[in-house]
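Given next are the chains, with one letter for each unit.
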Amino acid sequence: MARKSRVFSVLLLFTATSLTAIGVADIATTGSASADGAPVAHAMPAAHAGAAGMRMPVSTRASGDDPDGDGYIMADPPVTGVTPSTYDPPHAYFHEFQAKCAPDHTLPDDPIVFPGQPGKSHDHTFMGNTGTDAGTTTASLDAAGTACLAPGDKSAYWMPSLYDGDQKILPIGPQTIYYKSGVTDYTSVRPFPKGLRFVVGDPMQTLDEFKNLKGTVEGWECGTSYKNFDFPATCPTSQDTQLNLRLQAPSCWDGIHLDTPDHKSHMAYPVATGANQNVCPADHPVALPMIEFKMAWPVNGDMSQVRLSSGRGYSFHYDFFDGWDDATLSAMVTHCVNGGLQCDAHGYDESQPQKGAVLDDNYELQ
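Residues numbered from 1 in each chain as written. Predicted model: local features only at pLDDT ≥ 70, side-chain atom pairs only at ≥ 80, totals over all residues. Heavy atoms only, no water.

Comments concerning the environment of T106
Next, step 1: Tracing the sequence through the fold places T106 in strand 7 (residues 103-107).
Next, step 2: Along the primary structure T106 and F126 are separated by 20 residues, whereas in three dimensions their C-alpha atoms are 5.8 Å apart.
Next, step 3: Those residues within four positions of T106 in sequence are excluded, and the remaining contacts are D123, H124, T125, F126, S161, K168 and L170.
Next, step 4: Within polar-contact distance, the side chain of T106 engages the side chain of K168 at 2.9 Å. (Helix = DSSP H or I, 4+ residues; strand = E, 2+ residues; numbered from the N terminus. Contact = heavy atoms within 4.5 Å. Polar contact = N/O pair within 3.5 Å; in protein donor to acceptor, adjacent residues only side chain to side chain.)

Right, here's the structure in full:
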């Protein structure tokens with residue numbers, strides 16, 4: 001408890017700001033002790049800003065990274081004293097790099113929502129880390145292999161499995177996961193803290209909630225059909241037509257937690273300001289890379305039997321559990337995101353070859 005108590009005073013400051021900013025009506029609390037022995041309450045928004053109505057189950061089970069089972073996993077050390085940057089750097093149209101990670105296995109597990117409880121979740125398609133299951137921890141990610149092109153990316157990425165009737169359909173080959181700046185000051189973006197995890201979207205969300213989720217880009221796409229927030233009735237049957245989806249994650253961190261009981265409250269989307277800037281909110285001041293899933297499933301034609309293991313198309317959501325090698329991620333963020341480049345999975349911008357690459361031909365740090 002001593003490690004947690006060091007950051008509770010900072011947590012309460014962030015919480016007070018957060019409650020004012022998002023107008024929380026209901027607070028879920030768990031009792032802890034402060035440094036002087038007085039009870040301290042964790043405050044958790046009932047509905048995350050920008051994702052009203054979310055109903056993700058809260059964590060109630062101890063796990064390797066959360067031995068007391070209260071759902072709070074603390075950053076050690078926390079990142080404090082950060083003010084959201086309003087600096088407007090030289091214009092750069094791109095500030096991103098790609099991670100290329102293939103689907104590796106499927107399981108009815110979710111180590112974020114149901115840690116240590118195998119079989120309790122709907123079926124998930126896992127990409128990246130090859131050892132991801134209900135018992136996954138930060139340490140186990142590091143010890144396992146990866147289906148990402150970069151050996152330094154042992155992160156776990158997962159999403160509800162897609163079915164056509166009773167047939168499970170997996171994306172073919174490495175999928176593109178963008179890491180980009182979600183804020184105007186792309187020079188302020190810093191790497192993920194090791195072990196950060198969160199959920200984007202919610203399996204219980206309604207069609208309207210999915211449509212208005214801040215991270216929703218175009219909804220489901222196939223051929224020339226766009227902005228479908230449930231599966232379209234049909235898709236073109238041409239050989240190259242696949243079902244596509246892009247969904248962006250929140251990229252502003254509170255600097256305190258690697259996870260919270262609702263798996264969302266420690267993260268927030270940037271907010272637009274009057275100066276036409278995207279800036280992190282004051283209660284989540286730390287700018288991290290914005291992850292964008294860009295998934296493609298080899299299914300087209302009659303879509304009437306297409307479904308997700310979580311339900312209708314608008315129940316789509318995904319999970320991220322950071323397992324990057326610190327040096328590799330730091331180099332990619334510094335070179336590509338902070339450097340204002342459009343990098344491929346090598347950390348190389350074809351339009352600016354003079355800038356070089358971060359990773360070698362084997363996708364390893366040079």
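Some details on the sheet that holds strand 11 (residues 167-169)
Next, step 1: Strands sit in the order 11-10-26 across an open sheet of three strands; the sheet is antiparallel. For this open sheet the edge positions go to strand 11 and strand 26 (306-308), each flanked by a neighbour on one side alone. Geometrically, the sheet is characterised by an average inter-axis angle of 35° between neighbouring strands, direction not taken into account.
Next, step 2: Note: strand 10 (residues 162-164) against strand 11, three bridges, orientation antiparallel. Pairing of Y163 across the sheet is with K168, part of strand 11. (Pairing = 2+ DSSP bridges. Axes fitted to C-alpha atoms, helices over the stretch in contact; angles between N-to-C directions.)

Describing the environment of A144
Next, step 1: In this structure, A144 sits in the loop between helix 3 (138-143) and strand 9 (156-160).
Next, step 2: Residue A144 is classed as buried on the basis of its relative accessible area of 17%.
Next, step 3: The spatial distance from the C-alpha of A144 to the C-alpha of T132 is 8.4 Å, given a sequence separation of twelve residues.
Next, step 4: Ignoring any residue separated from it by four or fewer positions in sequence, one finds A144 in contact with N129, T130, G131 and K154. (Buried < 20%, exposed > 50% of the residue type's maximum accessible area, 1.4 Å probe, protein only.)

Considerations on the pattern of salt bridges
As a working rule, side chains carrying opposite charge can pair if their charged atoms are close by.
Next, step 1: Tallied over the full model, the rule gives six salt bridges.
Next, step 2: The partner of K180 in a salt bridge is E292, with the nearest N and O atoms 3.0 Å apart. Residue K180 is found in strand 12 (residues 175-180), and its partner E292 is found in strand 24 (residues 290-297); the two are separated by 112 residues along the sequence.
Next, step 3: Classification of K180 by relative accessible area gives buried; the value is 16%.
Next, step 4: Here E292 ties to R246 by a salt bridge, and the two come within 3.7 Å at their closest N and O atoms. On the criterion of sequence distance, the pair formed by E292 in strand 24 and R246 in strand 17 (residues 243-248) is long-range, its members being 46 residues apart.
Next, step 5: E292 sits in the buried class, given a relative accessible area of 2%.
Next, step 6: In this structure R246 comes out as partly exposed when scored by relative accessible area, which is 27%. (Salt bridge = Lys/Arg side-chain N within 4 Å of Asp/Glu carboxyl O.)

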